[in-house]
Amino acid sequence: MSNPRNEGSFSPFSLSQNVLDDPQAADAYARLLQEVFDFVPRRAPVPDPHWHVLALFEPQGACVAGIEIAKLGLVLDGEERVAMAMRLAGVAPSHRGRGLFRTLMDHALAACAQRAAAAPILLYTEDEALYTRFGFAPLVQHAFVGLALSPTPSAAARPVSRAEAIELIDRHAPSRAPVSLQCAVRGGTDLLRANVEESDPRLAFLDAVDALVIYEREEAEIVIVDIVAAVIPTMATIIGALAPDARRVRTLFPPDRLAWDATPVPDDTGLMIRGEVPPAMRRPFMLPPTTGF
Ligand SMILES: CC(C)(COP(=O)(O)OP(=O)(O)OC[C@H]1O[C@@H](n2cnc3c(N)ncnc32)[C@H](O)[C@@H]1OP(=O)(O)O)[C@@H](O)C(=O)NCCC(=O)NCCS
């Protein structure tokens with residue numbers, strides 16, 4: 001294969017920040033993802049072109065370590081803000097314990113600062129200790145739980161297939177409203193599409209209010225995961241259409257647009273942040289799993 005552009009010396013490895021520009025390097029990186037994370041994601045293509053890949057290659061072309069970063073548009077207390085997101089840090093099992101993760105992290109942090117100086121960096125992990133040494137701190141998220149009171153009678157919601165939901169997501173992309181004004185991912189269509197493709201949430205369309213609701217049902221409780229609409233409907237409208245028999249509701253985002261009272265309940269999702277924590281994230285909040293990365 002052609003040598004990925006060498007942007008540093010980590011003899012005998014070379015660092016590439018242009019992995020996706022070189023099809024052979026991209027293939028080698030996809031093999032690393034499969035080896036390290038033991039999955040072949042349903043989402044296509046792999047790697048995902050919305051993410052910027054930094055990776056280390058051996059002279060023969062094998063990819064031995066990688067990490068991905070991307071800009072993440074947020075709405076925080078009604079204002080548009082930018083954060084950086086980091087994911088899929090991985091080192092080939094044969095190359096662990098030699099400082100390659102540390103090397104990549106140093107470069108990934110520099111690349112984040114270059115793209116959005118002073119922006120907070122977010123990541124999800126099951127291993128906080130890996131990242132505290134790089135200045136990341138845990139950021140506890142909260143689900144919101146309340147009673148399903150007074151549904152507004154309305155036409156029943158219509159179940160939709162995953163393919164139909166993707167069409168609805170694409171159609172709403174230009175005009176989609178943030179699901180919360182306190183804290184939400186702005187747009188987020190790519191993440192939403194990928195997450196809907198990778199998981200099997202319940203999907204319902206509320207014709208009367210032109211809204212796609214992504215939800216789960218757990219006996220008397222309904223969990224509203226996310227809403228895709230130009231105008232976010234109220235909780236009473238959602239319950240009336242989706243589950244008039246539900247007794248309890250949980251949302252996986254702040255319910256400030258739903259005209260509904262709820263209590264925040266800590267829900268540790270492994271989110272970590274580096275940089276100043278925005279005020280909107282010092283109050284209970286959650287970024288829905290549909291925007292997870
Ligand atoms: C976690 C992982 C990336 C570490 O890669 P690595 O190249 O072996 O790590 P390094 O050699 O650069 O070690 C960097 C430091 O992290 C420490 N470290 C390594 N793995 C660790 C772990 N699982 N938990 C806490 N610290 C860890 C090392 O002790 C080292 O500390 P030191 O600098 O004080 O010596 C690698 O084991 C891996 O790919 N694991 C599977 C995928 C994964 O879990 N990725 C993280 C997703 S959030």
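Residues numbered from 1 in each chain as written. Predicted model: local features only at pLDDT ≥ 70, side-chain atom pairs only at ≥ 80, totals over all residues. Heavy atoms only, no water.

Chemist: When you look at the overall build of the chain in this model, what are you seeing that I'm missing?
Modeler: The helix and strand tally for the chain stands at 6 helices and 16 strands. Here the C-alpha atoms of the chain give a radius of gyration of 21 Å, agreeing with the 19 Å that 2.2 N^0.38 yields for 293 residues. When its C-alpha atoms are laid out on the principal axes, the chain stretches across 65 × 35 × 30 Å. Scored against the burial criterion, the 293 residues of the chain give a buried share of 53%. A separation threshold of at least 6 residues defines the contact pool for the chain, and within that pool the share at least 24 residues apart is 73%. A total of about 13,500 Å² of accessible surface is found on the chain, and carbon and sulfur atoms cover 50% of it. Taking the average place of the 27 positive charges on the side chains of the chain and the average place of its 36 negative ones, the gap between the two points comes to 2 Å. (Helix = DSSP H or I, 4+ residues; strand = E, 2+ residues; numbered from the N terminus. Rg over C-alpha atoms; globule rule 2.2 N^0.38 Å. Buried < 20%, exposed > 50% of the residue type's maximum accessible area, 1.4 Å probe, protein only. Contact = heavy atoms within 4.5 Å. Areas by Shrake-Rupley, 256 points an atom, 1.4 Å probe, with all protein chains shown as cover. Lys, Arg positive; Asp, Glu negative; His and termini not counted. Charge placed at Lys NZ, Arg CZ, Asp CG, Glu CD.)

Chemist: Help me understand the domain arrangement of the chain in this model?
Modeler: Think of interface size as the accessible area that goes away when the parts come together; that is how it is often given. Each assigned domain of the chain is listed with its residue range as follows: domain 1 (9-74 + 82-119) and domain 2 (142-291). Its C-alpha centre places domain 1 at a distance of 31 Å from the equivalent point of domain 2. Facing the 11 residues of domain 1 at the interface are 15 residues of domain 2. Summed over both sides, the interface of domain 1 with domain 2 buries roughly 1,100 Å², with 51% coming from carbon and sulfur. (Domains from an automatic or database assignment. Buried area = accessible area lost by both parts, 1.4 Å probe.)

Chemist: Can you walk me through the environment of alanine 117 in this structure?
Modeler: Take alanine 117: it is sitting in the loop between α2 (100-115) and β6 (121-124). Placed 104 residues apart in sequence, alanine 117 and phenylalanine 13 show a C-alpha to C-alpha distance of 28 Å.

Chemist: Honestly, the packing of helix α4 (residues 162-172) against helix α5 (residues 189-198) in this entry has me stumped. Any pointers?
Modeler: Angle between the axes and distance between the axes: these two values describe a pair of packed helices. Here α4 crosses α5 at 175°, and the two axes come no closer than 10 Å. What the angle tells us is that α4 and α5 run roughly antiparallel. Contacts from Arg162, Ile166, Ile169 and Asp170 in α4 reach Thr189, Leu192, Arg193, Val196 and Glu197 in α5. Here the contact of α4 with α5 is composed, by residue class, of 4 nonpolar, 1 polar and 4 charged. (Axes fitted to C-alpha atoms, helices over the stretch in contact; angles between N-to-C directions. Parallel < 35°, antiparallel > 145°, perpendicular 65-115°, else oblique. Nonpolar A, V, L, I, M, F, W, Y, C, P; charged D, E, K, R; others polar.)

Chemist: Can you help me understand the nonpolar core in this one?
Modeler: Soluble globular proteins tend to pack their nonpolar side chains together in the buried interior. If you look at the biggest cluster of nonpolar residues, it comprises 28 residues, and the most contacted ones within it are Leu56, Ile69, Met86, Met105 and Phe136. Looking at this core, the elements with two or more residues in it are β2 (13-16), β3 (52-57), β4 (63-76), β5 (79-91), α2 and β6. It is α2 that contributes the most residues to this core, 8 residues altogether. Contacts of leucine 56, omitting those with residues within four sequence positions, involve Phe10, Phe13, Ser14, Leu15, Ala62, Cys63, Val64, Ala65, Leu100 and Leu104. (Core = buried A, V, L, I, M, F, W, Y, C linked by side-chain atoms within 4.5 Å.)

Chemist: What exactly am I supposed to notice about the site of the ligand here?
Modeler: Around the ligand lies a shell of 17 residues, among which Val91, Gly97, Gly99, Asp127 and Arg133 are the nearest. Within the backbone of glycine 97, one N or O atom sits 2.7 Å away from an oxygen atom of the ligand. The fraction of the free accessible surface of the ligand (900 Å²) that becomes covered by protein chains is 64%. Residues of the shell around the ligand, tallied by class, amount to 8 nonpolar, 4 polar and 5 charged. (Near = heavy atom within 4 Å. Polar contact = N/O pair within 3.5 Å; in protein donor to acceptor, adjacent residues only side chain to side chain.)

Chemist: Sorry, what's going on with the sheet that holds strand β12 (residues 211-218) here?
Modeler: The strands that make up a sheet are held in pairs by hydrogen bonds between backbone atoms, and each pair lies either parallel or antiparallel. The mixed open sheet is built from 7 strands, whose spatial order is β9-β11-β12-β13-β14-β8-β15. Where the open sheet ends on each side, the last strands, each with one partner, are β9 (158-159) and β15 (263-267). Sheet topology places strand β8 (residues 141-147) next to strand β14 (residues 248-251); 4 bridges connect them, and they run antiparallel. Its bridge partner lying in β14, phenylalanine 144 is registered against threonine 251. (Pairing = 2+ DSSP bridges.)

Chemist: Could you clarify how one ought to interpret the packing of aromatic side chains in this entry?
Modeler: We describe a pair of aromatic rings using the distance from one ring centre to the other and the angle between the two ring planes. Under the criterion given, the structure shown has 5 aromatic pairs. Aromatic side chains tyrosine 131 and phenylalanine 136 sit 5.9 Å apart centroid to centroid with 75° between the ring planes, which places their arrangement in the edge-to-face category. Per residue, the accessibility class of tyrosine 131 equals that of phenylalanine 136, and both read buried. An aromatic cluster of at least three residues, connected via ring pairs, comprises Phe101, Tyr131, Phe134 and Phe136. The cationic tip of arginine 87 hangs over the ring face of tryptophan 51; the distance from NZ or CZ to the ring centre is 4.0 Å. (Phe/Tyr/Trp six-rings, centres within 6.5 Å; stacked < 30°, edge-to-face > 60°. Lys NZ or Arg CZ within 6 Å of the ring centre and 35° of its normal.)

Chemist: Would you mind showing me how to read the pattern of salt bridges here?
Modeler: Any two side chains of opposite charge can pair if their charged atoms end up close together. Overall, the coordinates contain 14 salt bridges when judged by the stated rule. Taking the shortest distance from any N to any O, the salt bridge between aspartate 200 and arginine 162 comes out at 2.9 Å. One end of the pair, aspartate 200, is in the loop between α5 and β11 (202-206); the other, arginine 162, is in helix α4, and 38 residues separate them in sequence. Linked through salt bridges whose partners overlap, the residues forming this network are Arg158, Glu164 and Asp207. (Salt bridge = Lys/Arg side-chain N within 4 Å of Asp/Glu carboxyl O.)

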